[in-house]
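The primary structure of each chain is shown beneath.
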Amino acid sequence: MTAIDEAWSILKGLGVTPRTAEAGRASRSPVDGSAGPALTETADLDGIVACSVAAFHAWRRVPAPRRGELVRLFGEELRAAKADLARLVTLEAGKITSEGLGEVQEMIDVCDFAVGLSRQLYGLTLPSERPGHHMRETWQPLGPVLVISAFNFPVAVWAWNAALALVCGDPVIWKPSEKTPLTALATQAVFDRALARFGGDAPEGLSQVVIGGREAGEALSADARIPLVSATGSTRMGRAVAQTVAARLGRSLLELGGNNAMIVTPSADLDMAVRAVAFSAVGTCGQRCTTLRRLLVHEDVAEALIGRLKAAYESLPVGDPREEGSLVGPLIDADAAEAFDRALAQAVDEGGEMIVGGARLGGDGAYVRPAIVRMPAQTAVVRHETFAPILYVLTWREFDQAVEMQNAVPQGLSSCVFTDSVREAEAFLSAWGSDCGIANVNIGPSGAEIGGAFGGEKDTGGGRESGSDAWKAYMRRQTQTVNFSRDLPLAQGVKFEV
Ligand code: UN1
(Lines give C-alpha, C1' and ligand atoms only; values in the text may rest on other atoms or scores of the structure.)
Protein backbone atom coordinates (compact mmCIF):
# COMPACT_ATOMS: atom_id res chain seq x y z
CA MET A 1 0.00 0.00 0.00
CA THR A 2 1.31 3.47 -0.81
CA ALA A 3 1.75 5.98 1.99
CA ILE A 4 -1.10 8.17 0.72
CA ASP A 5 -3.42 5.15 0.51
CA GLU A 6 -2.62 4.37 4.11
CA ALA A 7 -3.41 7.99 5.04
CA TRP A 8 -6.81 7.70 3.35
CA SER A 9 -7.55 4.44 5.11
CA ILE A 10 -6.73 5.98 8.53
CA LEU A 11 -9.09 8.81 7.66
CA LYS A 12 -11.78 6.30 6.80
CA GLY A 13 -11.16 4.51 10.08
CA LEU A 14 -11.80 7.79 11.88
CA GLY A 15 -15.16 7.99 10.11
CA VAL A 16 -14.23 10.73 7.65
CA THR A 17 -15.22 10.46 4.00
CA PRO A 18 -14.12 13.71 2.40
CA ARG A 19 -15.57 14.85 -0.87
CA THR A 20 -13.10 14.36 -3.66
CA ALA A 21 -12.72 16.28 -6.88
CA GLU A 22 -11.89 15.19 -10.42
CA ALA A 23 -9.44 18.02 -10.90
CA GLY A 24 -7.41 19.95 -8.38
CA ARG A 25 -4.47 19.43 -6.14
CA ALA A 26 -3.87 15.72 -5.49
CA SER A 27 -3.34 14.62 -1.90
CA ARG A 28 0.26 13.55 -1.50
CA SER A 29 2.69 11.84 0.79
CA PRO A 30 6.31 12.97 0.90
CA VAL A 31 7.23 9.55 2.28
CA ASP A 32 7.12 7.81 -1.10
CA GLY A 33 5.89 10.58 -3.37
CA SER A 34 2.56 8.80 -3.81
CA ALA A 35 -0.52 10.72 -4.87
CA GLY A 36 -4.17 10.20 -3.98
CA PRO A 37 -7.49 11.87 -4.78
CA ALA A 38 -7.84 15.64 -4.69
CA LEU A 39 -10.21 17.14 -2.16
CA THR A 40 -13.12 19.35 -3.11
CA GLU A 41 -12.32 22.92 -2.18
CA THR A 42 -14.69 24.71 0.18
CA ALA A 43 -16.85 26.87 -2.05
CA ASP A 44 -19.09 28.78 0.33
CA LEU A 45 -16.63 30.81 2.39
CA ASP A 46 -19.31 33.34 3.16
CA GLY A 47 -21.49 30.61 4.66
CA ILE A 48 -18.56 29.37 6.76
CA VAL A 49 -18.01 32.82 8.24
CA ALA A 50 -21.74 33.39 8.82
CA CYS A 51 -21.95 30.07 10.65
CA SER A 52 -18.93 31.02 12.77
CA VAL A 53 -20.50 34.36 13.71
CA ALA A 54 -23.71 32.59 14.74
CA ALA A 55 -21.66 30.10 16.78
CA PHE A 56 -19.91 33.01 18.47
CA HIS A 57 -23.19 34.55 19.56
CA ALA A 58 -24.10 31.35 21.39
CA TRP A 59 -20.66 30.31 22.63
CA ARG A 60 -19.83 33.62 24.31
CA ARG A 61 -22.81 33.04 26.64
CA VAL A 62 -21.46 29.68 27.83
CA PRO A 63 -19.43 30.14 31.04
CA ALA A 64 -15.68 29.91 30.44
CA PRO A 65 -15.10 26.90 32.74
CA ARG A 66 -17.85 25.07 30.85
CA ARG A 67 -16.08 25.97 27.59
CA GLY A 68 -12.98 24.50 29.22
CA GLU A 69 -14.88 21.24 29.68
CA LEU A 70 -15.15 20.90 25.90
CA VAL A 71 -11.41 21.34 25.58
CA ARG A 72 -10.88 18.81 28.35
CA LEU A 73 -12.94 16.27 26.42
CA PHE A 74 -11.01 17.13 23.27
CA GLY A 75 -7.77 16.40 25.15
CA GLU A 76 -9.18 12.99 26.10
CA GLU A 77 -10.18 12.25 22.51
CA LEU A 78 -6.73 13.28 21.33
CA ARG A 79 -5.16 10.85 23.79
CA ALA A 80 -7.37 8.09 22.39
CA ALA A 81 -6.59 9.01 18.76
CA LYS A 82 -2.92 9.85 19.32
CA ALA A 83 -1.48 6.94 17.35
CA ASP A 84 -3.75 7.55 14.33
CA LEU A 85 -3.15 11.30 14.20
CA ALA A 86 0.59 10.89 14.66
CA ARG A 87 0.66 8.33 11.87
CA LEU A 88 -1.14 10.79 9.60
CA VAL A 89 1.43 13.47 10.46
CA THR A 90 4.12 10.99 9.44
CA LEU A 91 2.33 10.05 6.22
CA GLU A 92 1.31 13.53 5.11
CA ALA A 93 4.15 15.72 6.50
CA GLY A 94 6.94 13.11 6.53
CA LYS A 95 7.88 13.37 10.21
CA ILE A 96 9.57 10.42 11.89
CA THR A 97 7.29 8.44 14.20
CA SER A 98 8.51 9.95 17.48
CA GLU A 99 8.13 13.48 16.11
CA GLY A 100 4.62 12.73 14.89
CA LEU A 101 3.73 11.50 18.38
CA GLY A 102 5.48 14.52 19.89
CA GLU A 103 3.41 16.84 17.79
CA VAL A 104 0.14 15.28 18.96
CA GLN A 105 1.47 15.47 22.52
CA GLU A 106 1.78 19.26 22.09
CA MET A 107 -1.93 19.31 21.21
CA ILE A 108 -2.75 17.38 24.37
CA ASP A 109 -0.52 19.62 26.48
CA VAL A 110 -2.14 22.79 25.22
CA CYS A 111 -5.59 21.33 25.92
CA ASP A 112 -4.56 20.71 29.52
CA PHE A 113 -3.18 24.23 29.73
CA ALA A 114 -6.36 25.73 28.28
CA VAL A 115 -8.61 23.79 30.65
CA GLY A 116 -6.87 25.42 33.62
CA LEU A 117 -6.92 28.73 31.82
CA SER A 118 -10.71 28.56 31.45
CA ARG A 119 -10.87 29.31 35.18
CA GLN A 120 -8.13 31.93 35.10
CA LEU A 121 -9.11 34.52 32.51
CA TYR A 122 -8.26 37.12 35.09
CA GLY A 123 -8.82 40.84 34.82
CA LEU A 124 -7.68 43.51 37.25
CA THR A 125 -9.63 45.46 39.84
CA LEU A 126 -8.48 49.07 39.84
CA PRO A 127 -8.94 51.83 42.42
CA SER A 128 -11.25 54.51 41.03
CA GLU A 129 -10.52 58.17 41.80
CA ARG A 130 -14.26 58.74 42.27
CA PRO A 131 -15.94 57.96 45.60
CA GLY A 132 -18.42 55.08 45.56
CA HIS A 133 -17.10 53.76 42.27
CA HIS A 134 -15.74 50.45 41.29
CA MET A 135 -13.43 50.04 38.33
CA ARG A 136 -12.35 46.78 36.79
CA GLU A 137 -11.04 45.21 33.64
CA THR A 138 -12.88 42.29 32.08
CA TRP A 139 -11.67 40.08 29.25
CA GLN A 140 -14.47 39.33 26.83
CA PRO A 141 -14.70 36.84 23.96
CA LEU A 142 -13.50 38.34 20.70
CA GLY A 143 -15.26 36.57 17.83
CA PRO A 144 -14.38 34.09 15.08
CA VAL A 145 -10.66 33.34 14.83
CA LEU A 146 -9.13 32.33 11.51
CA VAL A 147 -6.17 29.98 11.85
CA ILE A 148 -3.92 29.59 8.81
CA SER A 149 -1.42 26.82 9.47
CA ALA A 150 1.65 25.46 7.71
CA PHE A 151 2.54 21.93 6.60
CA ASN A 152 5.43 21.51 9.04
CA PHE A 153 3.29 21.49 12.20
CA PRO A 154 0.06 20.38 10.58
CA VAL A 155 -1.87 19.88 13.83
CA ALA A 156 -0.01 21.31 16.85
CA VAL A 157 -0.03 24.94 15.78
CA TRP A 158 -3.77 24.83 15.07
CA ALA A 159 -4.29 23.30 18.52
CA TRP A 160 -2.26 26.06 20.23
CA ASN A 161 -4.68 28.53 18.71
CA ALA A 162 -7.90 26.53 18.88
CA ALA A 163 -7.63 25.36 22.50
CA LEU A 164 -7.09 28.94 23.65
CA ALA A 165 -9.66 30.47 21.32
CA LEU A 166 -12.34 27.99 22.44
CA VAL A 167 -11.93 28.64 26.15
CA CYS A 168 -11.80 32.37 25.43
CA GLY A 169 -15.23 32.07 23.80
CA ASP A 170 -14.20 32.22 20.15
CA PRO A 171 -15.12 29.81 17.33
CA VAL A 172 -12.34 28.76 14.98
CA ILE A 173 -12.10 28.59 11.20
CA TRP A 174 -9.11 26.57 10.09
CA LYS A 175 -7.39 26.94 6.72
CA PRO A 176 -4.72 24.22 6.86
CA SER A 177 -1.82 24.06 4.46
CA GLU A 178 -2.87 22.68 1.09
CA LYS A 179 -0.09 20.13 1.64
CA THR A 180 -1.71 18.59 4.73
CA PRO A 181 -5.51 18.66 4.39
CA LEU A 182 -6.11 15.04 5.43
CA THR A 183 -4.50 15.55 8.83
CA ALA A 184 -6.71 18.59 9.37
CA LEU A 185 -9.88 16.67 8.50
CA ALA A 186 -8.85 13.89 10.88
CA THR A 187 -8.31 16.44 13.66
CA GLN A 188 -11.74 17.91 13.02
CA ALA A 189 -13.23 14.42 13.31
CA VAL A 190 -11.53 13.93 16.68
CA PHE A 191 -12.88 17.31 17.77
CA ASP A 192 -16.36 16.25 16.67
CA ARG A 193 -16.12 13.26 19.03
CA ALA A 194 -15.50 15.66 21.92
CA LEU A 195 -18.45 17.77 20.77
CA ALA A 196 -20.73 14.73 20.70
CA ARG A 197 -19.85 13.97 24.32
CA PHE A 198 -20.14 17.61 25.40
CA GLY A 199 -23.85 18.00 24.81
CA GLY A 200 -26.20 20.63 23.50
CA ASP A 201 -24.69 23.91 24.61
CA ALA A 202 -21.99 23.80 21.96
CA PRO A 203 -23.32 25.53 18.85
CA GLU A 204 -22.84 24.23 15.36
CA GLY A 205 -19.80 25.63 13.58
CA LEU A 206 -17.52 26.06 16.61
CA SER A 207 -14.70 24.58 14.57
CA GLN A 208 -14.74 24.48 10.78
CA VAL A 209 -12.11 23.43 8.26
CA VAL A 210 -11.72 25.23 4.95
CA ILE A 211 -10.07 23.24 2.18
CA GLY A 212 -8.44 25.55 -0.28
CA GLY A 213 -5.36 27.38 -1.42
CA ARG A 214 -3.90 30.81 -1.02
CA GLU A 215 -7.00 32.55 -2.41
CA ALA A 216 -9.19 31.05 0.33
CA GLY A 217 -6.77 32.33 2.98
CA GLU A 218 -6.74 35.75 1.37
CA ALA A 219 -10.52 36.00 1.07
CA LEU A 220 -11.02 34.99 4.70
CA SER A 221 -8.30 37.37 5.90
CA ALA A 222 -10.13 40.23 4.23
CA ASP A 223 -13.42 39.39 5.97
CA ALA A 224 -14.21 42.03 8.60
CA ARG A 225 -16.38 39.55 10.53
CA ILE A 226 -13.18 37.80 11.63
CA PRO A 227 -11.51 39.97 14.29
CA LEU A 228 -8.35 37.85 14.63
CA VAL A 229 -6.27 36.09 12.01
CA SER A 230 -3.54 33.83 13.35
CA ALA A 231 -1.16 32.79 10.60
CA THR A 232 1.86 30.50 10.58
CA GLY A 233 4.02 30.08 7.53
CA SER A 234 6.41 31.95 5.30
CA THR A 235 7.30 35.60 5.76
CA ARG A 236 5.90 36.27 2.30
CA MET A 237 2.52 34.84 3.28
CA GLY A 238 2.61 36.60 6.67
CA ARG A 239 3.30 39.96 5.12
CA ALA A 240 0.35 39.56 2.74
CA VAL A 241 -1.98 38.47 5.55
CA ALA A 242 -0.83 41.29 7.86
CA GLN A 243 -1.45 43.92 5.20
CA THR A 244 -4.88 42.57 4.33
CA VAL A 245 -5.93 42.37 7.96
CA ALA A 246 -4.44 45.78 8.83
CA ALA A 247 -6.28 47.39 5.91
CA ARG A 248 -9.55 46.62 7.71
CA LEU A 249 -8.00 47.38 11.13
CA GLY A 250 -8.30 43.77 12.23
CA ARG A 251 -5.85 41.99 14.47
CA SER A 252 -3.27 39.51 13.29
CA LEU A 253 -1.09 37.09 15.21
CA LEU A 254 1.84 36.06 13.07
CA GLU A 255 4.26 33.22 13.57
CA LEU A 256 6.59 33.19 10.61
CA GLY A 257 10.04 31.84 9.87
CA GLY A 258 13.21 31.69 11.89
CA ASN A 259 16.95 31.78 11.27
CA ASN A 260 17.97 30.48 14.63
CA ALA A 261 21.51 30.40 15.94
CA MET A 262 23.51 28.65 18.61
CA ILE A 263 26.53 30.34 20.17
CA VAL A 264 29.10 27.87 21.50
CA THR A 265 31.68 29.30 23.89
CA PRO A 266 34.98 27.76 25.04
CA SER A 267 33.49 26.64 28.37
CA ALA A 268 30.57 24.82 26.72
CA ASP A 269 29.93 21.15 27.37
CA LEU A 270 30.61 19.87 23.87
CA ASP A 271 28.85 16.54 24.40
CA MET A 272 25.65 18.40 25.12
CA ALA A 273 26.25 20.83 22.29
CA VAL A 274 26.71 18.03 19.73
CA ARG A 275 23.44 16.38 20.72
CA ALA A 276 21.58 19.68 20.78
CA VAL A 277 22.91 20.67 17.35
CA ALA A 278 22.00 17.34 15.82
CA PHE A 279 18.40 17.41 17.09
CA SER A 280 17.70 21.03 16.34
CA ALA A 281 19.45 21.22 12.95
CA VAL A 282 18.21 17.98 11.37
CA GLY A 283 14.97 17.22 13.28
CA THR A 284 11.89 17.43 11.02
CA CYS A 285 14.47 17.49 8.21
CA GLY A 286 15.26 21.15 8.97
CA GLN A 287 11.65 22.17 8.42
CA ARG A 288 10.79 23.67 11.80
CA CYS A 289 10.58 27.40 12.19
CA THR A 290 12.78 26.78 15.24
CA THR A 291 15.37 24.75 13.29
CA LEU A 292 19.00 25.55 14.08
CA ARG A 293 20.45 27.16 10.95
CA ARG A 294 23.56 29.01 12.19
CA LEU A 295 26.25 27.64 14.48
CA LEU A 296 28.43 30.43 15.88
CA VAL A 297 31.39 28.79 17.56
CA HIS A 298 34.45 30.23 19.32
CA GLU A 299 37.51 29.63 17.18
CA ASP A 300 39.32 27.68 19.94
CA VAL A 301 36.66 24.96 20.01
CA ALA A 302 35.57 25.13 16.37
CA GLU A 303 37.76 22.30 15.05
CA ALA A 304 36.78 19.93 17.87
CA LEU A 305 33.08 20.66 17.49
CA ILE A 306 33.03 20.51 13.71
CA GLY A 307 34.92 17.22 13.77
CA ARG A 308 32.39 15.65 16.10
CA LEU A 309 29.43 17.02 14.18
CA LYS A 310 30.85 15.70 10.94
CA ALA A 311 31.07 12.21 12.43
CA ALA A 312 27.55 12.47 13.84
CA TYR A 313 26.14 13.66 10.50
CA GLU A 314 27.89 10.91 8.56
CA SER A 315 26.10 8.26 10.58
CA LEU A 316 22.67 9.93 10.53
CA PRO A 317 20.02 7.47 9.42
CA VAL A 318 18.06 9.26 6.67
CA GLY A 319 15.10 7.40 5.25
CA ASP A 320 11.50 6.31 5.46
CA PRO A 321 10.10 8.09 8.52
CA ARG A 322 7.86 5.12 9.30
CA GLU A 323 10.88 2.95 10.05
CA GLU A 324 12.05 2.70 13.61
CA GLY A 325 15.69 3.55 12.90
CA SER A 326 15.15 6.69 10.79
CA LEU A 327 16.05 10.00 12.41
CA VAL A 328 15.61 12.16 9.31
CA GLY A 329 12.64 11.82 6.99
CA PRO A 330 11.99 13.49 3.64
CA LEU A 331 11.58 17.12 2.68
CA ILE A 332 7.98 18.00 1.96
CA ASP A 333 8.33 18.00 -1.84
CA ALA A 334 10.55 18.37 -4.88
CA ASP A 335 10.45 22.18 -4.66
CA ALA A 336 11.92 22.00 -1.17
CA ALA A 337 14.71 19.74 -2.43
CA GLU A 338 15.47 22.21 -5.19
CA ALA A 339 15.65 25.05 -2.68
CA PHE A 340 18.10 22.90 -0.67
CA ASP A 341 20.31 22.36 -3.75
CA ARG A 342 20.16 26.03 -4.74
CA ALA A 343 21.08 27.25 -1.26
CA LEU A 344 24.09 24.93 -1.11
CA ALA A 345 25.29 26.07 -4.54
CA GLN A 346 24.91 29.68 -3.47
CA ALA A 347 26.77 29.01 -0.20
CA VAL A 348 29.73 27.59 -2.12
CA ASP A 349 29.56 30.58 -4.45
CA GLU A 350 29.72 32.88 -1.47
CA GLY A 351 32.91 31.25 -0.21
CA GLY A 352 31.46 28.36 1.77
CA GLU A 353 33.30 25.11 2.34
CA MET A 354 31.17 21.96 2.38
CA ILE A 355 31.94 19.96 5.52
CA VAL A 356 29.45 17.13 5.20
CA GLY A 357 26.19 16.10 3.52
CA GLY A 358 24.33 17.86 0.77
CA ALA A 359 23.59 14.92 -1.51
CA ARG A 360 20.15 13.89 -2.66
CA LEU A 361 19.20 10.31 -2.02
CA GLY A 362 17.71 8.43 -4.93
CA GLY A 363 14.33 6.76 -4.97
CA ASP A 364 10.87 8.15 -4.28
CA GLY A 365 10.40 11.18 -2.09
CA ALA A 366 12.71 14.16 -1.56
CA TYR A 367 15.30 12.65 0.75
CA VAL A 368 18.53 14.58 1.29
CA ARG A 369 21.59 14.24 3.48
CA PRO A 370 21.63 17.13 6.00
CA ALA A 371 24.51 19.47 5.27
CA ILE A 372 27.04 21.51 7.22
CA VAL A 373 28.81 24.36 5.42
CA ARG A 374 31.54 26.51 6.89
CA MET A 375 31.06 30.14 5.90
CA PRO A 376 33.54 33.03 5.91
CA ALA A 377 30.84 35.53 6.94
CA GLN A 378 27.07 35.90 7.24
CA THR A 379 26.56 36.25 3.51
CA ALA A 380 23.21 36.57 1.78
CA VAL A 381 22.47 32.83 1.88
CA VAL A 382 23.19 32.67 5.62
CA ARG A 383 20.84 35.55 6.30
CA HIS A 384 18.06 33.87 4.33
CA GLU A 385 15.88 31.15 5.83
CA THR A 386 16.02 28.05 3.61
CA PHE A 387 13.48 25.53 4.87
CA ALA A 388 15.83 22.54 4.67
CA PRO A 389 18.56 20.90 6.79
CA ILE A 390 21.52 23.20 6.15
CA LEU A 391 23.71 24.31 9.04
CA TYR A 392 26.08 27.23 8.44
CA VAL A 393 29.11 27.35 10.74
CA LEU A 394 30.91 30.60 11.53
CA THR A 395 33.59 31.43 14.09
CA TRP A 396 34.23 34.34 16.45
CA ARG A 397 36.81 35.56 19.00
CA GLU A 398 34.97 37.88 21.41
CA PHE A 399 31.64 37.03 23.04
CA ASP A 400 30.13 40.42 22.18
CA GLN A 401 30.94 39.76 18.56
CA ALA A 402 29.08 36.43 18.75
CA VAL A 403 25.96 38.13 20.12
CA GLU A 404 26.18 40.74 17.40
CA MET A 405 26.36 38.00 14.77
CA GLN A 406 23.43 36.18 16.32
CA ASN A 407 21.34 39.36 16.09
CA ALA A 408 22.48 40.40 12.61
CA VAL A 409 19.78 38.61 10.61
CA PRO A 410 16.27 39.81 9.75
CA GLN A 411 14.56 36.94 11.60
CA GLY A 412 14.25 36.78 15.39
CA LEU A 413 12.48 33.64 16.53
CA SER A 414 14.69 31.42 18.66
CA SER A 415 18.28 31.53 19.91
CA CYS A 416 20.60 29.81 22.35
CA VAL A 417 24.03 29.82 23.94
CA PHE A 418 26.03 26.86 25.17
CA THR A 419 28.28 27.95 28.01
CA ASP A 420 29.22 27.14 31.58
CA SER A 421 29.93 30.80 32.32
CA VAL A 422 27.26 32.65 34.28
CA ARG A 423 28.52 35.92 32.84
CA GLU A 424 28.05 34.79 29.25
CA ALA A 425 24.71 33.14 29.95
CA GLU A 426 23.29 36.19 31.68
CA ALA A 427 24.72 38.62 29.12
CA PHE A 428 23.01 36.56 26.41
CA LEU A 429 19.70 36.87 28.28
CA SER A 430 20.15 40.58 29.05
CA ALA A 431 18.62 43.60 27.34
CA TRP A 432 21.69 43.84 25.10
CA GLY A 433 21.83 40.09 24.49
CA SER A 434 19.69 37.98 22.14
CA ASP A 435 17.04 39.97 20.26
CA CYS A 436 14.85 36.90 19.67
CA GLY A 437 11.46 35.93 21.10
CA ILE A 438 13.02 32.81 22.62
CA ALA A 439 16.46 32.71 24.26
CA ASN A 440 17.84 29.50 25.75
CA VAL A 441 20.91 28.51 27.73
CA ASN A 442 22.34 25.03 27.19
CA ILE A 443 19.27 23.92 25.23
CA GLY A 444 18.87 24.04 21.45
CA PRO A 445 16.48 26.51 19.81
CA SER A 446 13.77 23.99 18.90
CA GLY A 447 11.36 21.90 20.91
CA ALA A 448 9.80 24.74 22.91
CA GLU A 449 7.24 23.71 25.53
CA ILE A 450 3.68 24.96 25.27
CA GLY A 451 3.79 26.61 28.72
CA GLY A 452 5.84 29.55 27.48
CA ALA A 453 4.56 32.16 25.07
CA PHE A 454 5.85 30.97 21.71
CA GLY A 455 6.89 33.47 19.06
CA GLY A 456 9.51 35.74 17.60
CA GLU A 457 10.44 39.29 16.77
CA LYS A 458 11.52 41.27 13.71
CA ASP A 459 10.76 39.46 10.45
CA THR A 460 9.12 36.55 12.26
CA GLY A 461 5.90 38.40 12.98
CA GLY A 462 5.95 39.30 16.67
CA GLY A 463 2.98 37.09 17.59
CA ARG A 464 2.79 34.95 20.71
CA GLU A 465 0.95 31.66 20.83
CA SER A 466 0.18 28.90 23.34
CA GLY A 467 1.29 29.55 26.94
CA SER A 468 1.86 32.39 29.39
CA ASP A 469 -0.58 35.25 28.70
CA ALA A 470 -0.85 34.57 24.95
CA TRP A 471 -4.60 34.05 25.57
CA LYS A 472 -5.09 37.81 25.75
CA ALA A 473 -4.75 38.00 21.97
CA TYR A 474 -7.95 35.96 21.68
CA MET A 475 -10.05 38.29 23.84
CA ARG A 476 -11.00 41.92 24.01
CA ARG A 477 -10.26 43.98 27.09
CA GLN A 478 -13.04 46.05 28.53
CA THR A 479 -12.57 48.67 31.27
CA GLN A 480 -15.74 48.85 33.33
CA THR A 481 -16.75 51.50 35.86
CA VAL A 482 -19.72 51.10 38.20
CA ASN A 483 -21.10 53.93 40.33
CA PHE A 484 -22.68 52.52 43.48
CA SER A 485 -23.08 55.94 45.20
CA ARG A 486 -26.06 58.31 44.94
CA ASP A 487 -23.87 61.09 43.50
CA LEU A 488 -22.37 61.63 40.10
CA PRO A 489 -18.82 62.66 40.91
CA LEU A 490 -17.21 63.70 37.64
CA ALA A 491 -13.75 62.74 36.69
CA GLN A 492 -10.65 64.95 36.60
CA GLY A 493 -12.27 67.30 39.15
CA VAL A 494 -14.40 68.86 36.42
CA LYS A 495 -17.34 71.00 37.67
CA PHE A 496 -20.44 70.73 35.52
CA GLU A 497 -23.83 71.65 37.08
CA VAL A 498 -27.09 71.61 35.15
C1 UN1 B 1 6.99 25.58 14.11
O2 UN1 B 1 8.03 25.17 13.63
O3 UN1 B 1 6.11 26.11 13.41
O4 UN1 B 1 9.66 24.53 19.29
C5 UN1 B 1 6.64 25.43 15.54
C6 UN1 B 1 9.38 23.70 18.43
C7 UN1 B 1 7.96 23.23 18.34
C8 UN1 B 1 7.11 24.14 17.57
C9 UN1 B 1 7.67 24.68 16.33
N10 UN1 B 1 7.44 23.11 19.67
O11 UN1 B 1 10.20 23.27 17.65
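Within each chain, residues carry numbers counting from 1 in the order of the written sequence. Totals for whole chains, interfaces and linings use all residues, but because this is a predicted model, local features are given only for residues with pLDDT of at least 70 and pairs of side-chain atoms are given and counted only at 80 or more. Hydrogens are left out, water is left out, and the side-chain values use all remaining heavy atoms of the structure.

## What to know about helix α3 (residues 64–93)
No. 1: The numbering of helices and of strands both runs from the N terminus, where a helix is a DSSP run of H or I of at least 4 residues and a strand a run of E of at least 2. In this analysis, the expected span of each helix is defined as 1.5 Å times one less than the number of residues it contains. Here α3 spans only 34 Å end to end across 30 residues, well under the 44 Å set by a 1.5 Å rise per residue.
No. 2: We define the bend at any residue as the angle between the axes fitted to the seven residues before and including it, ending there, and the seven starting there. Bending of α3 peaks at approximately 70° at the position of A81.

## Describing the environment of S414
No. 1: With respect to the helices, strands and loops of the structure, S414 is situated in strand β16 (residues 414–418).
No. 2: Along the chain, S414 and E323 lie 91 residues apart, while their C-alpha atoms are 30 Å from each other.
No. 3: Once residues within four sequence positions are removed from consideration, S414 is found in contact with N260, A261, C436, I438, N440 and P445. The criterion used for residue contact is that any of the two residues' heavy atoms lie within 4.5 Å.

## Re the sheet that holds strand β21 (residues 475–483)
Hydrogen bonds along the backbone pair up the strands of a sheet, which may run parallel or antiparallel.
No. 1: Two strands make a pair as long as DSSP finds a minimum of two bridges between them. Spatial strand order, β3-β4-β21: 3 strands in an open sheet with antiparallel pairing. Of all the strands in the sheet, the pair left with one neighbour each is β3 (125–126) and β21.
No. 2: Bridge count for strand β4 (residues 133–141) against β21 is 9 bridges, and the pairing is antiparallel. Following the sheet pairing, M135 is matched in β21 by T481.

## Details of the site of the ligand
No. 1: One heavy atom within 4 Å of a molecule or strand is enough for the residue carrying it to be called near that molecule or strand. Close contacts around the ligand come from E106, N152, F153, W160, R288, C289, T290, S446, G447, A448 and F454, and that covers them all.
No. 2: Within the side chain of E106, one N or O atom sits 2.5 Å away from a nitrogen atom of the ligand.
No. 3: In the environment of the ligand, an oxygen atom lies 2.6 Å from a nitrogen or oxygen atom belonging to the side chain of T290.
No. 4: Nonpolar residues are Ala, Val, Leu, Ile, Met, Phe, Trp, Tyr, Cys and Pro. Charged residues are Asp, Glu, Lys and Arg, and all others, Gly as well, are polar. Of the residues that constitute the shell around the ligand, the class distribution is 5 nonpolar, 4 polar and 2 charged.
No. 5: What marks off one domain from the next here is an automatic or database domain assignment. Mapped onto the domain boundaries, the shell around the ligand takes at least three residues apiece from domain 1 (3–256 + 461–479) and domain 2 (260–441). A 3.5 Å cut-off defines polar contacts: any pair of N or O atoms within that distance qualifies, except that in protein one atom must be a possible hydrogen donor and the other a possible acceptor, and neighbouring residues in sequence count only when both atoms are side-chain atoms.

## Overview of the pattern of salt bridges
No. 1: The term salt bridge refers to a pairing of a side-chain nitrogen on Lys or Arg with a carboxyl oxygen on Asp or Glu at a separation within 4 Å. Within the structure shown, the criterion is met by 24 salt bridges.
No. 2: Between K95 and E103 there is a salt bridge, with the nearest N and O atoms lying 2.7 Å from each other. In terms of burial, K95 and E103 fall into one category: buried.
No. 3: For the salt bridge of E314 with K310, the shortest nitrogen-to-oxygen distance reads 3.5 Å. Residue E314 and its partner K310 are both found in helix α10 (residues 299–314); the two are separated by 4 residues, about one turn of the helix. Residue burial is assigned from relative accessible area. The probe radius is 1.4 Å, only protein chains are included, and a residue is buried under 20% of its type maximum, exposed over 50%, and partly exposed in between.

## Here's the deal with a nonpolar patch on the surface
No. 1: Residues form patches when they are more than 30% accessible in relative terms and have no salt bridge. Like charges link within 9 Å. Nonpolar side chains (Val, Leu, Ile, Met, Phe, Trp, Tyr) link within 5 Å. All accessible-area figures derive from a Shrake-Rupley calculation using a 1.4 Å probe, and residue coverage is judged against the displayed protein chains alone. A surface patch of nonpolar side chains, about 600 Å² in accessible area, is lined by L488, L490, V494, F496 and V498.
No. 2: Position of L490 relative to the elements: it lies in the segment after β21.
No. 3: By relative accessible area, L490 is classed as partly exposed at 36%.

## Remarks on empty space enclosed by the protein
No. 1: Cavity: a set of points on a 1 Å grid over the protein atoms alone where a 1.4 Å probe fits but cannot get out. Pocket: an open set with protein on both sides within 12 Å along at least five of seven lines, its lining residues, like those of a cavity, having an atom within 4 Å of a point. Grid points are joined across faces, edges and corners, and a volume is the space filled by probe spheres set on the points. Taken as a whole and judged by the stated rule, the model has 1 cavity of 30 Å³ or more.
No. 2: Of the voids in this model, the largest cavity is the one considered here, and its volume is about 80 Å³.
No. 3: Residue lining of the largest cavity: 14 residues in total, with A93, G94, K95, T284 and Q287 positioned closest to the centre.
No. 4: Its residues assigned to classes, the lining of the largest cavity shows 7 nonpolar, 5 polar and 2 charged.
No. 5: The two domains that each donate at least three residues to the lining of the largest cavity are domain 1 (3–256 + 461–479) and domain 2 (260–441).

## Quick notes on the pairing of strand β1 (residues 20–28)
No. 1: With 5 bridges joining them, β1 and strand β2 (residues 35–39) adopt antiparallel strand pairing. What sits directly across from R28, in β2, is A35.
No. 2: Two successive antiparallel strands, β1 and β2, enclose a turn made up of 6 residues, where G33 displays a positive phi of approximately 70°.

## So, the layout of surface pockets
No. 1: Its volume calculated, the second largest pocket comes out at about 360 Å³.
No. 2: Around the second largest pocket, the lining comprises 21 residues; the ones closest to its centre are T40, T42, L185, V209 and I211.
No. 3: If you list the elements that add at least two residues to the lining of the second largest pocket, you get α6 (181–198) and β7 (207–209).
No. 4: Across the lining of the second largest pocket, the residue classes break down as 10 nonpolar, 7 polar and 4 charged.

## Let's talk about the domain arrangement of the chain
No. 1: What the domain assignment lists for the chain is domain 1 (3–256 + 461–479) and domain 2 (260–441).
No. 2: For domain 1 and domain 2, the distance between their C-alpha centroids amounts to 31 Å.
No. 3: On the domain 2 side, the residues contacting the 23 residues of domain 1 number 24 residues.
No. 4: Once two parts are put together, the accessible area they lose, assessed with a 1.4 Å probe and summed over both, is termed the buried area. Across the domain 1 to domain 2 interface the summed buried area is about 1800 Å²; carbon plus sulfur atoms make up 57%.
No. 5: Interface area lost by domain 1 to domain 2 is led by V31, I96 and E99, which between them contribute 28%.
No. 6: Where domain 1 touches domain 2, the interface holds 2 salt bridges.
No. 7: Of the charged contacts in the structure, one is a salt bridge between D333 and K179, with a shortest N-O distance of 3.4 Å.

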